[in-house]
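Descriptive structure summary
Each chain, letter by letter, is given below.
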Amino acid sequence: MKSYTLKSIGKKTDYMTILRELDDGFVVQIVRDLDGYEDKKTDYISKELFESCVRTGYLKEIPETVKVALNA
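Residues numbered from 1 in each chain as written. Predicted model: local features only at pLDDT ≥ 70, side-chain atom pairs only at ≥ 80, totals over all residues. Heavy atoms only, no water.

**Thoughts on the pattern of salt bridges**
Oppositely charged side chains can pair when the atoms bearing their charge come close. Put simply, the rule is: Whenever Lys or Arg places a side-chain nitrogen within 4 Å of a carboxyl oxygen from Asp or Glu, that contact is recorded as a salt bridge. Each helix is a run of DSSP H or I of at least 4 residues and each strand a run of E of at least 2, with the numbering of both proceeding from the N terminus. Exposure is judged per residue with a 1.4 Å probe applied to protein chains only, and the accessible area is read against the type maximum: over 50% gives exposed, under 20% gives buried, and values in between give partly exposed.
Summed over all chains, the structure comprises 3 salt bridges. Among the salt bridges present, the one from D14 reaches R32, with a minimum N-O distance of 3.1 Å. With a gap of 18 residues between them, D14 in the loop between β1 (3-6) and β2 (15-21) and R32 in strand β3 (residues 25-34) connect regions that are remote in the sequence. A relative accessible area of 4% means that D14 is categorised as buried. Residue K47 is joined to E21 by a salt bridge in which the shortest nitrogen-to-oxygen separation is 2.9 Å. You can see K47 sitting in helix α1 (residues 47-56) and its partner E21 sitting in strand β2, a full 26 residues away along the chain. Overall, K47 belongs to the partly exposed group, its relative accessible area being 24%.

This is the structure we're talking about:
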């Protein structure tokens, strides 16, 4: 499962994890930091929109080494 940080304003730590790949998109879980409270949502994103977000820098993949450190 790949995870991506979401470009946001300030020092927020919002991220998105791909839960499942479909033919035309992805089922993702988006976690937003709301002043210490985590808001989790499961949603769908098309492959076209996902690729556009990666290309423009709105989404940046979190390297495996960082994910392991965060989960420790």
